[in-house]
Amino acid sequence: MPEFVDIPSPGWPLEFGQAGRPVVVIVHDAYGRLPYLEAYARALADQGFFVQVPDLFDGLATIDPEGAAELATGLDEGFAVAALETALDLGRATAATGPDAPRAGVIGLGIGGHLALRLAQQGAVDAVVVYYASLTEEEAGLIPCPVLVHRPDDPRWPQGHDADEFLSRLKEHGTPVTQHRYSGTTEGFANATVQTLLDRNAAALSFARSTYFLQAQLLD
């Protein structure tokens with residue numbers, strides 16, 4: 001029987017940092033908005049970003065793989081992308097508009113990475129960072145902003161998708177792509193709440209690389 005836990009501020013983004021700064025939306029994986037994402041967001045806010053962390057599972061999270069599979073299966077992609085758009089709008093709400101509007105980026109992990117890429121296809125952000133995520137050939141389309149991909153060492157990642165083909169398609173379309181592969185890791189290596197998934201060294205290094213990438217793309 002899958003086990004679930006309730007999380008604070010269900011269905012509403014958590015905010016970190018100073019309004020008016022470049023916006024970064026962090027999209028959780030299939031385990032939901034677990035506590036490690038709050039630490040991730042605070043650390044990112046300390047680097048000059050206004051961070052939004054939406055909840056796509058209506059107040060539920062889990063550390064159970066069966067629970068994560070159930071939550072992911074029940075997710076409506078259209079609703080999820082709309083929730084990410086809302087988080088972007090909230091992040092920009094108190095900022096300047098027009099040419100002086102702050103830039104925006106999105107970080108997605110697992111299923112959140114897939115959603116982040118779909119959002120980026122709409123031209124809604126200026127940079128996208130994904131952990132263990134890709135798009136299928138059927139979902140192929142232009143991503144008009146730089147992409148950073150963090151890859152585990154597990155060849156089955158993600159869910160049978162061919163990551164090399166995905167990255168090749170991006171490059172063929174002219175998308176600037178940076179990728180990093182983390183030896184000895186599996187999907188979920190940055191999830192610091194689920195200890196069976198976590199690789200501390202890879203999580204720390206990928207965070208540093210994500211921060212550097214977003215600073216280069218979003219900060220003046």
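Residues numbered from 1 in each chain as written. Predicted model: local features only at pLDDT ≥ 70, side-chain atom pairs only at ≥ 80, totals over all residues. Heavy atoms only, no water.

Draft legend 1. Structural view of the overall build of the protein chain. Within the protein chain, the secondary structure is distributed over 6 helices and 9 strands. For the protein chain, the C-alpha radius of gyration of 16 Å lies close to 17 Å, the compact-globule estimate for 220 residues. Each of the three principal axes of the protein chain carries a C-alpha extent, and together these read 50 × 40 × 35 Å. Within the protein chain, the proportion of its 220 residues that are buried is 51%. (Helix = DSSP H or I, 4+ residues; strand = E, 2+ residues; numbered from the N terminus. Rg over C-alpha atoms; globule rule 2.2 N^0.38 Å. Buried < 20%, exposed > 50% of the residue type's maximum accessible area, 1.4 Å probe, protein only.)

Draft legend 2. View of the side chain of His-150. On the secondary structure map, His-150 appears in strand E8 (residues 147–152). Overall, His-150 belongs to the buried group, its relative accessible area being 0%. A polar contact of 3.4 Å, which involves the side chain of His-150, links it to the backbone oxygen of Ser-206. Side chain to side chain, His-150 and Ser-210 meet in a polar contact 2.8 Å long. Those residues in contact with His-150 that lie beyond four places of it in its chain are Val-129, Val-130, Tyr-131, Tyr-132, His-180, Tyr-182, Phe-189, Ser-206, Arg-209 and Ser-210. (Polar contact = N/O pair within 3.5 Å; in protein donor to acceptor, adjacent residues only side chain to side chain. Contact = heavy atoms within 4.5 Å.)

Draft legend 3. Inspection of the environment of Gln-47 at higher detail. By the element assignment, Gln-47 lies in the loop between helix H1 (36–45) and strand E4 (50–53). Distance from Gln-47 to Tyr-212, taken between C-alpha atoms, is 9.4 Å for residues 165 residues apart in sequence. Sequence-distant contacts of Gln-47, defined by excluding residues within four places in its chain, comprise Thr-211, Gln-215 and Leu-219. A polar contact is formed between the side chain of Gln-47 and the side chain of Gln-215, at a distance of 3.4 Å.

Draft legend 4. Expanded view of empty space enclosed by the protein. The full count for this structure, using the stated rule, is 1 cavity of 30 Å³ or more. Empty space within the largest cavity amounts to approximately 40 Å³. Leu-135, Glu-139, Ala-140, Gly-141, Phe-166, Arg-169, Leu-170 and His-173 together form the lining of the largest cavity. Split into classes, the residues belonging to the lining of the largest cavity amount to 4 nonpolar, 2 polar and 2 charged. (1 Å grid on protein atoms, 1.4 Å probe; cavity = no way out; pocket = protein on both sides within 12 Å on 5 of 7 lines; lining within 4 Å. Points joined across faces, edges and corners; volume = space filled by probe spheres on them. Nonpolar A, V, L, I, M, F, W, Y, C, P; charged D, E, K, R; others polar.)

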